[in-house]
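Here is how the chains run, residue by residue.
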Amino acid sequence: MSIVKANAKVRYAMVGAGGRLPMFIEPACTTFRDHCEVVGLCDVNAGRIAYYQKRAREEWGYGDIPAYLAADFDKMIQETRPDIVAVCTVDAYHHQYIIRAMELGCDVVTEKPMTTDDAKCRAIFDAIKKTGRKCRVSFNYRWAPAPTLVYRLLRQGIIGDLIHVDMEYLLNTSHGADYFRRWHREKDKSGGLMVHKSTHHFDLVNWWIDAVPQTVFGFGRLAFYGKENGAKRGEHVNYSRYTGSDTGNDPFALKLDSDEGLRKLYLDCEKYDGYIRDRNVFGEPISIEDTMSVLVKYRTGVVLNYSLNAYLPREGFYCVFNGTKGRLEITEAHASHIITGADNADLAHEMKWESQVVVHPMFGRAYQVEIPKAEGSHGGGDPLIQEQIFSPNPRPEVDGRNAGHEQGASSILIGIAANQSFRTGLPVQIKDLCPQLPDHKHLHEMI
Ligand SMILES: NC(=O)c1ccc[n+]([C@@H]2O[C@H](COP(=O)([O-])OP(=O)(O)OC[C@H]3O[C@@H](n4cnc5c(N)ncnc54)[C@H](O)[C@@H]3O)[C@@H](O)[C@H]2O)c1
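Numbers given to residues run from 1 along each chain, matching the order in which its sequence is written. Confidence filtering applies because this is a predicted model: local features only for residues at pLDDT of at least 70, side-chain atom pairs given and counted only at 80 or more, and all residues used for totals across whole chains, interfaces and linings. Side-chain figures throughout are based on the complete set of non-hydrogen atoms in the structure, without hydrogens or water.

Visitor: How do you make sense of the packing of aromatic side chains when you look at a structure like this?
Guide: For any two aromatic rings, the description comes down to two numbers: the centre-to-centre distance and the angle of the planes. Pairs were defined over the aromatic rings of Phe, Tyr and Trp, the Trp ring being its six-membered one, requiring ring centres within 6.5 Å. Orientation was assigned from the angle between planes: stacked under 30 degrees, edge-to-face over 60, tilted for the rest. Taken as a whole, this structure holds 21 aromatic pairs when the rule is applied. Ring centres 5.7 Å apart and planes at 20 degrees place the aromatic pair Tyr-169 and Phe-317 in the stacked group. Pair noted here: Tyr-169 is in strand 7 (residues 162-172) and Phe-317 is in strand 11 (residues 316-323), with a separation of 148 residues, a long-range link. With a centroid separation of 6.1 Å and an interplanar angle of 85 degrees, the aromatic rings of Tyr-225 and Phe-252 are classed as edge-to-face. Of this pair, Tyr-225 sits in the loop between strand 8 (213-221) and helix 11 (227-232) while Phe-252 sits in the loop between helix 11 and helix 12 (260-265), and the two are 27 residues apart along the sequence. For every residue, the accessible area obtained with a 1.4 Å probe (protein chains only) is divided by the maximum for its type, and the residue is called buried under 20%, exposed over 50%, and partly exposed between those limits. On the accessibility criterion, Tyr-225 (0% relative accessible area) is buried. For a Lys NZ or an Arg CZ to count as sitting over a ring, it must be within 6 Å of the ring centre and within 35 degrees of the ring normal. Its end group placed over the ring of Tyr-151, Arg-155 keeps NZ or CZ at 4.7 Å from the ring centre. Each helix corresponds to a stretch of at least 4 residues labelled H or I by DSSP, and each strand to a stretch of at least 2 residues labelled E; elements are numbered beginning at the N terminus.

Given below as structure tokens:
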């Protein structure tokens, strides 16, 4: 969806000036500044906007970026006339900006998840139909080297026809716990980990096996974090947040004043909107699950068995594909973005991002497939997707890694269906949640 304008820069407005904004604002202000322009920056929090305005000026040598509070979003679009709006705010508000940007004549690139519930998803489809605008979903994980290798091996038919997939995703007590400190712990803000986090994993599986989900069933519960679970294990911590509290040797304590980035982006900005970034993971309220098991039947007949646990001693995933001619396994060990409660030196080894891909032919000897090296965040995925978004001449894409709203919906609808199944104890049909989702069997047939 690269917009190429003769002799003119593509104009971007950006909404959501939090931790993830650099994914969009940094390449636009640096590597791709000759081809694009950041014409406006919008957030509810004036402090975070000012933080990025300063970084743009002082760190990236970019000019002044006009600032707008969220209430002035329409004004920003009218005054700055962007071609594309990049949406990088709290998940539950994505749809507001996606829809309004399209109504005001812009295309959109949004962070995952596209949105958090089925009504908002249907509203996005309606807005796209009404306006004819485009919505790209930024699935950076597809672009990391090991997932791309797996996609290519499966397309080559290396294990024959696919029958079954098993994915176990592990979040550790650093990264996993972090979702229980912030807005993510409120289901009405994030859709829970089934939507916020698993959208990456469901998207990877949908894309790897080139299939559209049909039926979802699952169980989920809060079994580790939260006041009640902590108390049951004898963890009596009476502070509502970590910074400024006497946290002793609490391994979950995150001190916002111990890190310059966290201090400037969050602690110093609390006075504007009261957003507390370091709430106690054993406090209240927490309305999301930390323990989830889900079964997905695809329109191709393939079944996915998936689990996500968010309190484990290590981070990464195992994913296994069983086919008519053998089995393919991918395992990844991941770094954590925030390390608390441990000696960083001891973690140095664990913090490396390591992947392994092994093929087990049905009657042959198993072998490991070499994974190409890549640099950059999220295993090297972020720089490649940034090129697709911002370059006027991105490398031609042959692996189908660019995703629009239909593919974006195919991933979140699994999580939304799982949330419904957690509540009702019943299987959920994806088509009932979003009748506008096309009837294709294969993901590549979708936008
Ligand atoms: N693809 C990835 O790997 C990846 C990684 C991290 C985050 N994300 C996504 O990026 C988005 C932002 O996450 P984050 O980690 O930066 O969160 P964050 O909490 O650091 O930032 C959220 C920002 O949204 C702003 N905001 C809140 N309510 C708003 C509203 N109504 N209107 C406008 N702005 C509002 C907040 O003030 C804050 O600046 C999320 O959708 C998240 O899922 C994606």
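Visitor: Before we go on, may I ask you to explain the state of the cysteines in this structure?
Guide: Here, a disulfide means two cysteine sulfur atoms that sit within 2.5 Å of each other. Following the criterion strictly, the structure yields 0 disulfides and no others. With no disulfide partner, Cys-434 has as its closest neighbouring cysteine sulfur the one in Cys-121, 4.2 Å distant.

Visitor: Mind showing me how you'd approach the sheet that holds strand 15 (residues 428-429) here?
Guide: In sheet architecture, strand pairing relies on hydrogen bonds along the backbone and comes in two forms, parallel and antiparallel. Here the rule is simple: two strands pair whenever DSSP picks up at least two bridges between them. Overall, mixed pairing links the 9 strands, which are arranged 14-13-12-11-7-10-9-8-15 in an open sheet. Of all strands in the sheet, those bounded by a partner on one side alone are strand 14 (367-369) and strand 15. Relative to strand 12 (residues 326-333), strand 11 is paired through 8 bridges, and the arrangement is antiparallel. Note that in strand 12 the partner of Val-320 across the bridge is Glu-329. Its contacts with the sheet place helix 6 (residues 145-155) against strand 11, strand 12, strand 13 (354-361) and strand 14, and it is angled at close to 175 degrees to strand 12. Should any heavy atoms of two residues lie within 4.5 Å, those residues are considered in contact. Every axis corresponds to a line fitted to the C-alpha atoms, with the helix fit spanning only the stretch in contact, and the corresponding angles, defined between N-to-C directions, vary from 0 to 180 degrees.

Visitor: What exactly am I supposed to notice about the nonpolar core here?
Guide: If you look at soluble globular proteins, the nonpolar side chains tend to sit buried side by side. The criterion is simple. A nonpolar core is a set of buried Ala, Val, Leu, Ile, Met, Phe, Trp, Tyr and Cys residues joined through side-chain atoms within 4.5 Å. If you look at the biggest cluster of nonpolar residues, it comprises 136 residues, and the most contacted ones within it are Met-14, Met-114, Trp-208, Tyr-225 and Phe-321. Ranked by residue count, the leading element in this core is helix 16 (residues 405-424), at 8 residues. For Phe-321, the contacting residues outside a window of four places in its chain are Val-150, Leu-154, Ile-159, Leu-162, His-164, Val-165, Trp-208, Ile-209, Gly-326, Arg-327, Leu-328 and Ile-330.

Visitor: Just checking my understanding: could you explain the domain arrangement of the protein for this structure?
Guide: Bring the parts together and some accessible area is lost; that lost area is often taken as the interface size. Taken domain by domain, the protein consists of domain 1 (10-138), domain 2 (141-225 + 286-381 + 401-445) and domain 3 (236-273). Segmentation into domains, and thus their bounds, comes from an automatic or database assignment. Each of domain 1 and domain 2 was reduced to a C-alpha centroid, and the two centroids are 26 Å apart. Counting residues at the interface gives 20 residues for domain 1 and 25 residues for domain 2. Defined in terms of a 1.4 Å probe, buried area is the accessible area two parts forfeit on being brought together, summed over both. Across the domain 1/domain 2 interface, buried area totals approximately 1900 Å², and carbon plus sulfur atoms make up 64% of it. For salt bridges, the criterion is a side-chain nitrogen of Lys or Arg within 4 Å of an Asp or Glu carboxyl oxygen. In this assembly, domain 1 and domain 2 are joined by 0 salt bridges. Pairing of N or O atoms within 3.5 Å defines a polar contact, subject to two protein rules: one partner must be a possible hydrogen donor and the other a possible acceptor, and residues neighboring in sequence count only if both atoms are side-chain atoms. Here domain 1 and domain 2 share 9 residue pairs in polar contact (both at pLDDT 80 or more) between them. Of all the elements in the fold, those that place two or more residues in the side of domain 1 that touches domain 2 are helix 5 (118-131) and strand 6 (135-138). At 6 residues, helix 5 tops the list of elements feeding residues into the side of domain 1 that touches domain 2. Gly is put with the polar residues, along with every residue not named as nonpolar or charged; the nonpolar set is Ala, Val, Leu, Ile, Met, Phe, Trp, Tyr, Cys and Pro, and the charged set is Asp, Glu, Lys and Arg. Here the residues of the side of domain 1 that touches domain 2 are counted per class, giving 10 nonpolar, 2 polar and 8 charged.

Visitor: Quick question: what am I supposed to make of the pairing of strand 2 (residues 36-43) here?
Guide: In regular strands, side chains alternate between the two faces of the sheet. Strand 2 sits mainly inside the fold: 7 of its 8 residues count as buried. Note that strand 1 (residues 10-15) and strand 2 share 6 bridges and pair parallel. Residue pairing in the sheet places Arg-11 in a bridge with Glu-37 of strand 2. Think of it like this: strands point away, you trace from the first strand over the helix to the second, and a clockwise trace means the crossover is right-handed. Viewed along the sheet, the connection from strand 2 through helix 2 (residues 46-58) into strand 3 (residues 67-69) turns out right-handed.

Visitor: Could you clarify how one ought to interpret the pattern of salt bridges in this entry?
Guide: The full count for this structure, using the stated rule, is 30 salt bridges. Linking Glu-260 and Lys-264 is a salt bridge whose minimum nitrogen-to-oxygen distance equals 2.6 Å. Residue Glu-260 and its partner Lys-264 are located together in helix 12, separated by 4 residues, close to a single helical turn. According to the relative accessible area criterion, Lys-264 is partly exposed, its value standing at 32%. Taken together, the salt bridges that share partners define one network made up of Asp-74, Arg-100, Glu-103 and Lys-130.

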